[in-house]
Amino acid sequence: MVTVQLKSCIRTLCTTSRVDKSFAKWYQGLWQPKKDGPPYDHVVQLGDPVLRMPSNPVPENELKSPEVQYLVNHLVKVMRSYKCVGLAAPQLGLSLRAFVMEFKDELRDQYTKADYKLREMEPLPLTVFLNPELKVLNYEKVIHTEACESVRGYRAEVARYREVLIRGFDASGEHKELQLRGWNARIAQHEMDHLNGTVYTDIMNRKTFTCSCWQAVNDNNGRIKLSFSNK
């Protein structure tokens, strides 16, 4: 019962006068209390309107509220269950300016030492940002392959700024500022894009867009099933 009430409260934060009136009625209907409504336990996929809408700021007087704490905890839970390194509220169906990031040192084993160094990877402890703003510190762009749980099964090369500064609020509603470079700066830019209604496919090198399981498709005569669930 408490969870349903919290979810309902979060939805009420998502309506905005910025959308036109003809659209507002339909949009507000998405946030009405329903059994399986957002924030979802799964990651929404490209085509869901929420991924194309600029997210609404969390009201500052709600930053420390139980509703926002529920959202933060749920973002962390789903991010870890999908074993990804970042997740934004729109990816769970909520148009709010919130995201989480985490790059564990144990992921080092998934890369060669050369790749780890080339991509400027380093551990990033669990990081929460509410109402974040991004400032570019180094305008040099670096190209690496990216994927996204909202475009599951694909990847492509994307150019990102080498170094950025993120300002906003942490999970406790306190002011937070973090300087990031290399791979962690890339994660932050990817998640900030989600808050602005942008997906990496908008800025990728289109010729590098690749199905990540194309070899398995051939090896199994096309009998491959792509799951959109973490279970």
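About the thresholds
Residues numbered from 1 in each chain as written. Predicted model: local features only at pLDDT ≥ 70, side-chain atom pairs only at ≥ 80, totals over all residues. Heavy atoms only, no water. UniProt positions renumbered as here; feature names shortened; annotations may be inferred. Core = buried A, V, L, I, M, F, W, Y, C linked by side-chain atoms within 4.5 Å. Buried < 20%, exposed > 50% of the residue type's maximum accessible area, 1.4 Å probe, protein only. Helix = DSSP H or I, 4+ residues; strand = E, 2+ residues; numbered from the N terminus. Contact = heavy atoms within 4.5 Å. 1 Å grid on protein atoms, 1.4 Å probe; cavity = no way out; pocket = protein on both sides within 12 Å on 5 of 7 lines; lining within 4 Å. Points joined across faces, edges and corners; volume = space filled by probe spheres on them. Nonpolar A, V, L, I, M, F, W, Y, C, P; charged D, E, K, R; others polar. Salt bridge = Lys/Arg side-chain N within 4 Å of Asp/Glu carboxyl O. pLDDT = per-residue confidence, 0-100. Phe/Tyr/Trp six-rings, centres within 6.5 Å; stacked < 30°, edge-to-face > 60°. Lys, Arg positive; Asp, Glu negative; His and termini not counted. Expected span 1.5 Å × (residues − 1).

- Under an unreviewed UniProt entry, the name given to the protein is Peptide deformylase, and the source organism is Anopheles dirus.
- UniProt lists a comment for the protein under the heading Catalytic activity (unreviewed entry), and it reads "N-terminal N-formyl-L-methionyl-[peptide] + H2O = N-terminal L-methionyl-[peptide] + formate".
- Here is the UniProt Sequence similarities (unreviewed entry) comment for the protein, exactly as written: "Belongs to the polypeptide deformylase family."

A look at the nonpolar core
Then step 1. L71, L75, L87, V100 and L130 are the most contacted members of the largest nonpolar core, which has 22 residues in total.
Then step 2. Listing elements by their share of this core, those giving two or more residues are α3 (66–82), β2 (98–103) and β3 (124–147).
Then step 3. Ranked by the residues each element gives to this core, the list is headed by α3, at 8 residues.
Then step 4. Excluding anything up to four places from it in sequence, L75 contacts L87, A88, A89, L92, A98, F99 and V100.
Then step 5. Counting residues in each nonpolar core, the second largest holds 18 residues, with A88, L107, Y116 and A188 among its members.

Comments concerning empty space enclosed by the protein
Then step 1. Taken as a whole and judged by the stated rule, the model has 1 cavity of 30 Å³ or more.
Then step 2. Of the voids in this model, the largest cavity is the one considered here, and its volume is about 60 Å³.
Then step 3. Lining of the largest cavity is provided by R119, E120, V142, H144, R160, Y161, R162, G182, W183 and R186.
Then step 4. Elements represented by at least two residues in the lining of the largest cavity include exactly β3, β4 (154–169) and α5 (182–195).
Then step 5. Its residues placed into classes, the lining of the largest cavity shows 3 nonpolar, 2 polar and 5 charged.

Re the pattern of salt bridges
Then step 1. A full pass over the atoms with the stated rule returns 12 salt bridges.
Then step 2. When the shortest N-O distance is used, the salt bridge between R52 and D202 registers 2.6 Å. In this pair, R52 is assigned in the loop between α2 (21–29) and α3 and D202 in the loop between α5 and β6 (210–211), connecting sequence segments 150 residues apart.
Then step 3. Among the residues examined, R52 registers a relative accessible area of 40% and is labelled partly exposed.
Then step 4. Each of E120, E140, R162, E163 and R181 takes part in salt bridges that share partners, so that together they form one network.

Focus on the confidence of the model for the protein
Then step 1. Per-residue pLDDT for the protein averages 87, and the proportion of residues at 70 or more is 85%.
Then step 2. Segment residues 1–34: pLDDT under 50, and 50 contacts once partners within four positions in sequence are set aside and those in other chains are kept.

Quick look at the packing of aromatic side chains
Then step 1. Counted according to the given criterion, the structure contains 3 aromatic pairs.
Then step 2. Ring geometry for F99 against F129: centres 5.9 Å apart, planes inclined by 45 degrees, an arrangement best described as tilted. With F99 in strand β2 and F129 in strand β3, this residue pair connects regions lying 30 residues apart in the sequence. As far as the burial class goes, F99 and F129 line up, both buried.

Let's talk about the side chain of R97
Then step 1. Its location among the elements puts R97 in the loop between β1 (86–88) and β2.
Then step 2. One buried charged residue, R97, remains without a salt bridge, the closest side chain of opposite sign being E133 at 7.5 Å.
Then step 3. Once residues within four sequence positions are removed from consideration, R97 is found in contact with S55, N56, P57, V58, F129, L130, N131, P132, M192, L195 and N196.

Quick look at α5
Then step 1. In this model, α5 (14 residues) spans 21 Å end to end at C-alpha, consistent with the 20 Å of a helix rising 1.5 Å per residue.
Then step 2. Of all the 14 residues making up α5, 14 are buried; the element is thus mostly covered by neighbouring parts of the structure.
Then step 3. Positive phi shows up at G197, right after α5, with a value of about 80 degrees.

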